[in-house]
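# Examining the three-dimensional arrangement
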Amino acid sequence: MSPVLFVTGTGTEVGKTVTTAALAALSTDPVAVLKPGQTGLAPGEPGDVDEVARLAGPLVHGVELARYPEPLAPDTAARRAGLPTLAPEDVAKAVADLADRFETVLVEGAGGLLVRYDERGRTLADLAAACELVGVQVEFVLVAAAGLGTLNATALTAEALRHRGLALRGVVVGSWPADPDLAARCNLADLPSVAGAPLLGVLPAGAAADRSPAAFRELAASSLAPALGGQWDAEAFATAHHPG
């Protein structure tokens, strides 16, 4: 059984969903994409799993466990809506079921690693730990911003994963600008250093724009490293964007 990949970010709006879609697009078999807690959407509105399916195509089996209407942390959004929170044990059961049926399972978190999912303060890290307790191997992909300020947030998230004994496969820059500044170019070398894990991809800004699944798959293959199923070359990319 392949490890279940948990996709988390250094914060919100860093490109977690498009990264999840890129990972899904590179799968040659049906892939399950689980969103434990979707916030900021009313019932019936398309959510993150729908966006992944739009980009990656019909092989995506999307699952959403809970939805809360306000764009807040899942715990806060659930409390304000008077809705039940997500228990790690229930998420682990859902993940284990998907892992029994699909070779590739992706779990996209809300916000960052330590955003709270319930009134006890349990986080995406706790959801992952609960999966490992039921025998599901878990690895994380950390989606980071490109520019100034990303190193601290990346280092903190990586340290939190290590402290909890959770494996970090690598870092992906979720939105690389068309005209990267000095900080972004320097960060290509510094991100893997502060994360203690390799840089495994750089997705261009606007990657989620309207594209056919076939075109998006080509983009994903050119943007993610072989460790994630693509052909992106970290050394060549860093050389091309060397700060001088």
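For the structure itself, look to the data block above.
The structure contained in this document is the topic of the report that follows.

### A short note on the overall build of the protein chain
The number of helices and strands found in the protein chain is nine helices and seven strands. The C-alpha radius of gyration computed for the protein chain amounts to 17 Å, which stays within 12% of the reference 18 Å derived for 244 residues, consistent with globular compactness. Looking at the protein chain as a whole, 52% of its 244 residues are labelled buried. For the protein chain, the proportion of contacts with a sequence separation of at least 24, taken over those separated by at least 6, is 77%. Accessible area of the protein chain: about 10,700 Å², with a carbon and sulfur share of 53%. A distance of 4 Å separates the average location of the 17 positive side-chain charges in the protein chain from that of its 28 negative side-chain charges.

### A few points about the packing of aromatic side chains
Enumeration according to the criterion identifies three aromatic pairs in this entry. The interplanar angle of 45° and the centroid separation of 5.4 Å between the aromatic rings of Phe6 and Phe140 together place this pair among those described as tilted. In this pair, Phe6 is assigned in strand S1 (residues 4-9) and Phe140 in strand S5 (residues 138-144), connecting sequence segments 134 residues apart. With a centroid separation of 5.6 Å and an interplanar angle of 55°, the aromatic rings of Trp232 and Phe237 are classed as tilted. In this pair, the class of Trp232 matches that of Phe237, namely buried. Members of the aromatic cluster, each reached through a chain of ring pairs, are Trp176, Trp232 and Phe237.

### Structural notes on the layout of surface pockets
Counted as a void, the largest pocket has a volume near 570 Å³. The set of elements that each furnish at least two residues to the lining of the largest pocket consists of helix H1 (16-25), strand S2 (31-39), helix H2 (48-56), strand S4 (104-112) and strand S6 (167-176). For the lining of the largest pocket, the class distribution of residues is 13 nonpolar, eleven polar and six charged. Here the second largest pocket is characterised by a volume of approximately 260 Å³.

The rules behind the values
Starting from 1, residues in each chain are numbered consecutively following that chain's sequence as written. Only residues with pLDDT of at least 70 are given local features in this predicted model, and only at 80 or more are side-chain atom pairs given and counted; all residues enter the totals for whole chains, interfaces and linings. Side-chain calculation: all heavy atoms of the structure are included, whereas hydrogens and water are not. By definition, any uninterrupted DSSP run of H or I lasting at least four residues is a helix, any uninterrupted run of E lasting at least two residues is a strand, and each is numbered from the N terminus. Just to be clear, the radius of gyration here is over C-alpha atoms, and the globule rule we use is 2.2 Å times residues to the power 0.38. Only protein chains enter the accessibility calculation, which uses a 1.4 Å probe; a residue whose area is less than 20% of its type maximum is buried, one above 50% is exposed, and one in between is partly exposed. Any two residues whose heavy atoms approach within 4.5 Å at even a single point are treated as in contact. Each accessible area value is a Shrake-Rupley result obtained with a 1.4 Å probe; residue values ignore everything except the protein chains displayed when judging cover. Note on charges: Lys and Arg go in the positive column, Asp and Glu in the negative column, and His and the chain ends are not counted at all. All charge positions are set by atom: Lys at NZ, Arg at CZ, Asp at CG, Glu at CD. Two aromatic rings, drawn from Phe, Tyr or Trp (for Trp, its six-membered ring), form a pair once their centres lie within 6.5 Å of each other, and the interplanar angle then sorts them: stacked below 30 degrees, edge-to-face above 60, tilted otherwise. The rule is simple: put a 1 Å grid over the protein atoms alone, call a set of points where a 1.4 Å probe fits but cannot get out a cavity, call an open set with protein on both sides within 12 Å along at least five of seven lines a pocket, and count a residue as lining if it has an atom within 4 Å of a point. Grid points are joined across faces, edges and corners, and a volume is the space filled by probe spheres set on the points. Three classes are used: nonpolar for Ala, Val, Leu, Ile, Met, Phe, Trp, Tyr, Cys and Pro, charged for Asp, Glu, Lys and Arg, and polar for all others, with Gly counted as polar.

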